[in-house]
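# Examining the three-dimensional arrangement
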Amino acid sequence: MAILEVLHFPDPHLRTKAKPVKQVDNAIRQLVDDMFETVYKAPAIGLAATQVNVHKQIVVIDLSEEQNQPLCFINPKIMSSGGVQTVEEGCLSIPGIFEKIERPEHIIVEALNYKGESFTLKTDGLLAVCIQHEVDHLVGKLFVDYLSSLKRQRIRKKLFKQKKR
Ligand code: GNR
Ligand code: NI
């Protein structure tokens, strides 16, 4: 087990497009375990492999207070979505910044689980937001991309100042 280092915006590696996992083997499961350890330590509710500079389509999520409801999505694909909801989002790669973002309210996602088995999940609310936020990471997209370029520039400057201190 290991805590992994999380990249921070505007690191260009966060813009990399992740590749599908060909086989869910022990090496992938080891990475998933390390990603859970990293997300629990933060603490946060989700993490995409892109954020730890591994460019494979892997997402881990746990919305529970007790950190005992791990969800792992390998090669996730959002098959359909509908409705609209606005949730204040944060991101481990954009520390200290929280912004309201509008996204589809409900989704159907297909993925492989920890065992490499295919599953389909229909969900809404915060879990739907979190899955969309993580799937965005896998294609190099960040929640700040939904904001105006002026706002994004301000956030970039704020993080730069934080880093210097
Ligand atoms: O911990 C996290 N909280 C969060 C809150 C609202 C919407 C999305 C998230 S995901 C974030 C962790 C993270 O950066 N995952 O990529
Ligand atoms: Ni994030």
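Residues numbered from 1 in each chain as written. Chains lettered and ligands numbered in written order. Predicted model: local features only at pLDDT ≥ 70, side-chain atom pairs only at ≥ 80, totals over all residues. Heavy atoms only, no water.

Only Cys91 (SG), His133 (NE2) and His137 (NE2) from the protein reach the nickel ion (ligand 2) as donors, at distances of 2.1 to 2.3 Å. Considered as a linear motif, the donors of the nickel ion (ligand 2) on their single chain read C-x41-H-x3-H. Of this pair, cysteine 91 sits in the loop between strand S4 (85-89) and strand S5 (99-103) while histidine 133 is found in helix H2 (residues 125-138), placing the two residues 42 residues apart along the sequence. Histidine 133 matches cysteine 91 in its accessibility class, with the two residues each being buried. (Donors = N, O, S within 2.8 Å, 3.2 Å for Na, K, Ca; no water. Helix = DSSP H or I, 4+ residues; strand = E, 2+ residues; numbered from the N terminus. Buried < 20%, exposed > 50% of the residue type's maximum accessible area, 1.4 Å probe, protein only.)

Pairing is antiparallel in the open sheet, where five strands are placed in the order S1-S2-S3-S6-S7. The sheet is open, and its two borders are formed by strand S1 (46-48) and strand S7 (118-124), each paired with just one other strand. Taking the axes of each pair of neighbouring strands and ignoring which way they run, one obtains an average angle of 40° across the sheet. In the packing of helix H1 (residues 26-41) onto the sheet, the strands contacted are S1, strand S2 (58-61) and strand S3 (71-82), and the crossing angle to S2 comes to about 40°. The strands touched by H2 within the sheet are S1, S2, S3, strand S6 (106-112) and S7, with S7 carrying the most contacts at an inclination of about 125°. (Pairing = 2+ DSSP bridges. Axes fitted to C-alpha atoms, helices over the stretch in contact; angles between N-to-C directions. Contact = heavy atoms within 4.5 Å.)

What follows covers the pairing of S6. In S6, alternate side chains face the same way, and those of Ile107, Val109 and Ala111 are buried while those of His106, Ile108, Glu110 and Leu112 on the opposite face are not. Two strands pair when backbone bridges link them, and S3 and S6 are joined in this way by six bridges, in the antiparallel orientation. Across the sheet, the residue bridging to isoleucine 78 is valine 109, located in S6. With seven bridges connecting them, S6 and S7 associate as antiparallel partners. Of the residues in S7, the one forming a bridge with isoleucine 107 is threonine 123.

A separate point is the packing of aromatic side chains. Applying the stated criterion across every chain yields a total of two aromatic pairs. Residues phenylalanine 73 and phenylalanine 119 carry aromatic rings whose centres are separated by 5.7 Å and whose planes lie at 45° to one another, so their mutual orientation is tilted. One end of the pair, phenylalanine 73, is in strand S3; the other, phenylalanine 119, is in strand S7, with 46 residues separating them in the sequence. Among the residues examined, phenylalanine 73 registers a relative accessible area of 2% and is labelled buried. (Phe/Tyr/Trp six-rings, centres within 6.5 Å; stacked < 30°, edge-to-face > 60°.)

What follows is about the nonpolar core. Grouped together as the largest cluster of nonpolar side chains are 17 residues, with contacts concentrated most on Ile28, Val32, Met35, Leu47, Ile58, Val60 and Ile74. Looking at this core, the elements that each hand over two or more residues are H1, S2 and S3. Ranked by residue count, the leading element in this core is H1, at six residues. When residues no more than four places from it in sequence are discounted, the contact partners of isoleucine 58 are Val21, Ile28, Leu31, Val32, Met35, Leu47, Ala48, Ala49, Phe73, Ile74 and Leu138. (Core = buried A, V, L, I, M, F, W, Y, C linked by side-chain atoms within 4.5 Å.)

Here the structure, examined in full by the defined rule, presents zero disulfides. Free of any disulfide, cysteine 72 has its nearest cysteine sulfur in cysteine 130, 13 Å distant. Between cysteine 130, a cysteine without a disulfide, and cysteine 91, which holds the nearest cysteine sulfur, the sulfur-to-sulfur distance is 9.9 Å. Looking at cysteine 130, the relative accessible area reads 4%, which means it is buried. (Disulfide = S-S within 2.5 Å.)

So, on to the site of ligand 1. Residues in contact with ligand 1 amount to 13 residues; listed here are only the nearest, Gly46, Gln51, Leu92, Glu134 and His137. At 2.8 Å, a side-chain N or O of glutamine 51 approaches an oxygen atom of ligand 1. Leucine 92 has a polar backbone atom sitting 2.8 Å from an oxygen atom of ligand 1. For ligand 1, whose accessible area on its own is 380 Å², the fraction buried by protein is 89%. Residue assignment for the shell around ligand 1 shows that the elements contributing at least two residues are S4 and H2. Considering every element that reaches the shell around ligand 1, the biggest residue donor is H2, with four residues. Each residue belonging to the shell around ligand 1 can be placed in one class, and the counts come to five nonpolar, five polar and three charged. (Near = heavy atom within 4 Å. Polar contact = N/O pair within 3.5 Å; in protein donor to acceptor, adjacent residues only side chain to side chain. Areas by Shrake-Rupley, 256 points an atom, 1.4 Å probe, with all protein chains shown as cover. Nonpolar A, V, L, I, M, F, W, Y, C, P; charged D, E, K, R; others polar.)

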